[in-house]
Amino acid sequence: MSTFQRFRESWLRPILFFGNNLLSLIGGALTSASAFVLIGFYLVDAFGHGGSRNPYLGIILGFFLPALFLLGLLLIPLGILARHAALRRAGKIPSVYPRINLADPLFRHGIEVVLLATFVNFVLLGTATYRGVAYMDTKDFCGATCHVMAPEGTAYPVFAHSGVPCVGCHVGSGVGGYIHAKVNGTRQLIDVLRNRYPAPILTNDLLPSASQTCLNCHRADAWIGDKIRISTTFDDDEKNTRTRSLILLHVGGRDLTGKLSGIHGAHLGHIVYISTDTRHQIIHYVAKTEADGSVVEYTDTNLKQARVGVQRAMDCTDCHNRVAHSFDTPEKAVDRSMLAGAISPELPFIHKESIALLKASYGSPEQARTQIAASLKRFYQSNYPDLWQKDQPRIAEAASRLAVLWSQNVFPFMKVTWGTYPNNLGHNDYPGCSRCHDGSHNSASGQSISSDCSVCHNVLTIDDSNRSQLADLGVQ
Ligand code: HEC
Ligand code: HEC
Ligand code: HEC
Ligand code: HEC
Ligand code: HEC
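Conventions adopted
- The numbers attached to residues start from 1 for each chain and follow its sequence in the written order.
- The naming scheme follows written order: chains are lettered A onward, ligands numbered 1 onward.
- Totals for whole chains, interfaces and linings use every residue, but because this is a predicted model, local features are given only for residues with pLDDT of at least 70 and side-chain atom pairs only at 80 or more, for both listing and counting.
- In computing side-chain properties, one takes all heavy atoms of the structure into account and sets aside hydrogens as well as water.
- Coordinating N, O and S atoms are those within 2.8 Å of the metal (3.2 Å for Na, K and Ca), and as water is not part of the atoms, a site may appear to have fewer donors than expected.
- Square planar and octahedral sites, with four and six donors, are those where opposite donors lie more than 155 degrees apart and all other angles lie between 65 and 115, tetrahedral sites have four donors with every angle between 85 and 135 degrees, and the rest are irregular.
- Working definition: helices are DSSP H or I runs of at least four residues, strands are E runs of at least two. Numbering for both runs from the N terminus.
- In this scheme, a residue with accessible area under 20% of its type's maximum is buried, one over 50% is exposed, and one in between is partly exposed, where area comes from a 1.4 Å probe on protein chains only.
- For two strands to be treated as a pair, DSSP must find no fewer than two bridges joining them.
- Here, nonpolar core means buried Ala, Val, Leu, Ile, Met, Phe, Trp, Tyr and Cys residues that are tied together by side-chain atoms lying within 4.5 Å of each other.
- In this description, contact between two residues means that some pair of their heavy atoms is separated by no more than 4.5 Å.
- Orientation is described by lines fitted to C-alpha atoms, with helices fitted over the stretch in contact, and by angles between N-to-C directions that extend from 0 to 180 degrees.
- By convention the crossing between two helices is left-handed if the near helix lies anticlockwise of the far one by an angle smaller than a right angle, and right-handed if it lies clockwise.
- The residue classification treats Ala, Val, Leu, Ile, Met, Phe, Trp, Tyr, Cys and Pro as nonpolar and Asp, Glu, Lys and Arg as charged. All others, Gly included, are polar.
- Throughout, near means a residue has at least one heavy atom within 4 Å of the molecule or strand.
- For this analysis, a polar contact is any N or O atom pair within 3.5 Å, provided that within protein one partner can donate a hydrogen and the other can accept it, and provided that sequence-adjacent residues contribute only side-chain to side-chain pairs.
- Here, expected helix span is obtained from the residue count minus one, scaled by 1.5 Å.
- Consider a residue and the seven residues that end there alongside the seven that start there; fitting an axis to each set, the bend is the angle between those axes.

*Asks:* Describe the coordination of the iron atom of ligand 4, listing the residues and the values that go with them.
*Replies:* Protein-derived ligands of the iron atom of ligand 4 are His267 (NE2) and His437 (NE2), with the metal-ligand distances lying across 1.9 to 2.0 Å. Considering all six donor atoms around the iron atom of ligand 4, angles at the metal cover 86 to 180 degrees and the coordination shape is octahedral. One end of the pair, His267, is in helix H9 (residues 262-267); the other, His437, is in the loop between helix H15 (392-409) and strand S8 (441-442), and 170 residues separate them in sequence. Relative accessible area serves as the criterion here: at 23%, His437 is assigned to the partly exposed category.

*Asks:* Could you give an account of the pairing of strand S2 (residues 242-254), with specific residues and numbers?
*Replies:* Pairing of strand S1 (residues 225-234) with S2, which is carried by 10 bridges, proceeds in the antiparallel orientation. Within S2, the position partnered with Lys227 by the bridge is Leu249. As defined by bridge partners, S2 adjoins strand S3 (residues 260-261) across two bridges and the pair is classed as antiparallel. For Arg254, the partnering residue across the bridge sits in S3 and is Leu260. As consecutive antiparallel partners, S2 and S3 are separated by five residues, and within that stretch Gly258 has a phi angle of approximately 95 degrees, a positive value.

*Asks:* An account of the coordination of the iron atom of ligand 1 is needed here, citing residue identities and associated values.
*Replies:* Looking at the iron atom of ligand 1, the protein donor atoms are His170 (NE2) and His325 (NE2), and they sit 2.0 Å from it. Taken together, the six donor atoms coordinating the iron atom of ligand 1 and their angles of 89 to 179 degrees define a geometry best described as octahedral. Residue His170 is found in helix H7 (residues 167-170), and its partner His325 is found in the loop between helix H10 (316-319) and helix H11 (330-340); the two are separated by 155 residues along the sequence. Under the relative-accessibility criterion, His325 is labelled buried at 15%.

*Asks:* Tell me about the nonpolar core, residues and numbers included.
*Replies:* Counting 27 residues, the largest nonpolar core has Ile350, Leu376, Tyr380 and Leu402 as the members making the most contacts within it. Breaking this core down by element, the ones donating at least two residues are H11, helix H12 (350-359), helix H13 (365-383), helix H14 (385-390) and H15. Top element by residues in this core is H15. It accounts for six residues. Each residue touching Leu402, except ones within four places of it in the same chain, is listed here: Val334, Ile343, Ser354, Leu357, Leu358, Ile372 and Leu376.

*Asks:* Requested: an account of the packing of H13 against H15, with residues and values cited.
*Replies:* Running from N to C, H13 and H15 point in directions that differ by 145 degrees, and their axes come no closer than 9 Å. Crossing handedness for the pair H13 and H15: right-handed. For the pair H13 and H15, contact is made by Pro365, Ala368, Arg369, Ile372, Ala373, Leu376 and Tyr380 and by Ile395, Ala398, Ala399, Ser400, Leu402, Ala403, Val404, Trp406 and Ser407, respectively. Grouping the amino acids of the contact of H13 with H15 by side-chain chemistry returns 13 nonpolar, two polar and one charged.

*Asks:* Describe in detail the site of ligand 4, supporting the description with residues and values.
*Replies:* Every one of the 20 residues lining ligand 4 counts as a neighbour, but His267, Cys433, Cys436, His437 and Ser450 are closest to it. Taking His267, its side chain carries an N or O atom lying 2.8 Å from a nitrogen atom of ligand 4. At 2.7 Å, a side-chain N or O of His437 approaches a nitrogen atom of ligand 4. Looking at the shell around ligand 4 residue by residue, the classes come out as 14 nonpolar, four polar and two charged.

*Asks:* Residue-level account of helix H1 (residues 3-19), with values.
*Replies:* End to end, H1 covers 22 Å across 17 residues, agreeing with the expected 24 Å (1.5 Å per residue, within 8%). At Glu9, H1 shows its largest bend, some 35 degrees. Residues of H1 that are buried include every one of Arg8, Leu12, Arg13, Pro14, Phe17, Phe18 and Gly19, and no others.

*Asks:* Any chance you could break down the sheet that holds strand S5 (residues 283-289) for me, citing the residues and the numbers?
*Replies:* The sheet built from five strands is open, its strands ordered S7-S4-S5-S6-S8 with antiparallel pairing. Taken across any chain shown, the strands that pair with only one partner, and hence form the sheet edges, are strand S7 (311-313) and S8. Judged from the two bridges that link them, strand S6 (residues 295-300) and S8 form a sheet pairing that is antiparallel. Residue pairing across strands places Thr299 opposite Asn442, the latter belonging to S8.

*Asks:* Could you give an account of H13, naming the residues involved and the relevant values?
*Replies:* Spanning 19 residues, H13 covers 27 Å between terminal C-alpha atoms, matching the ideal 27 Å at 1.5 Å per step. Tucked inside the fold, the buried residues of H13 contact H12, H14 and H15.

Structural data, given as structure tokens:
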């Protein structure tokens with residue numbers, strides 16, 4: 001018997017025989033139908049009309065159709081196995097399978113089509129899988145499709161890392177990190193589909209360690225040295241008095257001689273801590289392992305709690321927790337917009353009014369837009385009618401800016417509002433550094449984690465106190 005004959009006798013004929021069942025036929029139909037739709041989409045996409053900007057199309061193309069396709073492909077052998085089992089149970093397996101009449105041109109072409117379709121199907125499945133996986137890594141998928149991540153997706157484009165895909169920080173390196181993320185991600189996707197996701201979302205402990213993310217691009221001990229930081233704030237008085245503060249931050253790092261110093265240098269040793277809350281805002285135990293291996297433990301003397309809880313190794317994200325998607329406080333948001341002129345500091349009491357308007361509650365961005373505009377109009381119309389007469393465009397500009405600020409920071413459907421996501425870098429708006437550096441975290445020998453201003457920064461000017469210094473630096 002030739003190889004082809006043997007193949008025909010013991011494979012092709014049985015497959016065709018057992019394949020003649022409803023399940024396999026449905027499978028074949030599903031596979032072919034989704035294949036044709038996919039090919040259609042890919043062709044349209046390749047010629048630039050794919051509308052692939054639309055994240056929902058991405059879900060259909062990346063997941064739904066390939067899933068149908070795969071389901072169909074699985075149903076075919078399942079049907080074959082089921083029919084085989086059923087016939088065997090009934091003792092009806094033929095000793096000789098019905099002849100395949102290759103002389104019948106219709107049948108021969110049928111076989112050719114099946115073989116060709118199988119080949120095309122495998123190529124297609126590979127492409128679809130690749131595209132699906134690649135799509136899952138885009139910020140469109142994470143930040144736009146998945147509405148529960150709207151807060152992060154909205155905040156993200158503004159910051160230094162807007163070129164870094166979400167997975168750059170949310171998926172650890174290597175196969176382990178990838179699988180971990182996909183398993184977690186699938187669970188989360190199911191939660192979203194079942195409408196049972198947490199609101200607001202908190203990740204902290206699901207985040208891979210910085211060594212697998214940040215350190216792919218940054219060096220932990222890079223020398224940064226001192227940095228000048230100017231912060232501008234406006235007061236709540238009629239003139240919106242502007243004040244500036246100037247600090248020289250000692251970021252440090254490893255210098256030319258190899259010595260570690262400053263803020264970065266101080267935490268490069270191994271520091272672990274235990275917090276009482278999932279956002280790590282209340283820290284009651286800290287331990288630092290020094291270069292010589294000795295360990296100094298600090299406990300919060302105000303919080304008489306035993307050392308219970310999960311121990312976490314401090315890394316970059318304990319300070320830089322808002323590097324990619326940062327939310328403002330109403331004060332910071334207004335100050336920044338006033339400094340940029342998007343909210344004119346010339347408008348009397350605009351600082352005070354703006355903050356009150358941002359802190360009020362609105363049901364949706366549209367509601368915020370109309371109500372903020374109406375309130376601001378009412379305020380100037382009744383208190384400063386002359387100004388309202390001649391400055392309407394400026395007031396309208398301020399109102400629309402405020403509506404934008406609100407919609408970038410408040411997401412009622414996710415229960416995200418001002419202050420939901422604290423920023424740990426600093427100590428003025430949130431506890432930040434003071435979670436540990438508050439003078440009340442002490443060691444057994446009475447040493448405390450330092451809270452002296454100058455270990456972190458020298459305060460050069462506070463509240464415009466040193467105008468000549470500001471002038472020397474060319475600050476207007
Ligand atoms: C440069 C690193 C980085 C990138 C890029 C990044 N994230 Fe994050 N993300 C973080 C860190 C760090 C946290 C932990 C925040 C914390 O603990 O306070 C976080 C937390 C989150 C959380 C939990 C809720 C919250 O805001 O704390 C969500 C959801 C999230 N990120 C979504 C996204 C999405 C969507 C993208 C892409 C559009 C993205 N992230 C890109 C670093 C990043
Ligand atoms: C894929 C590479 C990449 C990853 C991953 C990455 N960064 Fe960055 N980061 C950059 C680049 C590039 C810049 C400079 C951007 C610029 O100057 O516009 C930057 C800037 C920064 C800055 C200074 C600008 C700012 O926003 O304050 C900080 C701080 C920072 N990164 C911290 C982190 C931390 C913490 C992580 C991990 C959670 C991280 N980065 C992950 C590439 C990366
Ligand atoms: C103890 C808190 C803390 C930790 C931990 C920390 N940083 Fe920073 N880092 C700071 C502060 C504070 C600044 C200065 C911020 C500013 O300019 O406002 C800074 C600045 C930076 C900058 C900006 C430098 C520049 O030239 O503008 C980068 C990049 C950075 N850190 C990366 C990292 C990385 C990567 C890690 C983890 C290995 C890390 N940091 C760990 C507190 C920290
Ligand atoms: C989880 C606790 C923790 C947090 C949060 C933390 N630190 Fe520290 N830090 C320590 C410990 C522990 C030490 C070592 C003890 C010491 O030197 O006082 C230290 C040391 C330092 C030192 C060196 C002090 C010295 O006397 O030389 C500086 C500077 C510093 N931290 C700055 C910061 C800044 C800035 C932040 C916030 C962006 C911050 N730290 C957040 C735990 C923390
Ligand atoms: C553990 C370190 C640490 C200590 C101690 C500390 N600061 Fe700061 N401070 C910071 C950091 C980090 C920032 C910068 C935050 C940022 O980049 O936005 C900051 C910012 C500031 C600012 C700028 C205002 C702003 O909103 O950015 C002022 C003013 C200030 N600190 C005053 C003080 C004074 C006064 C003390 C002493 C009573 C003090 N700090 C102690 C770490 C510290």
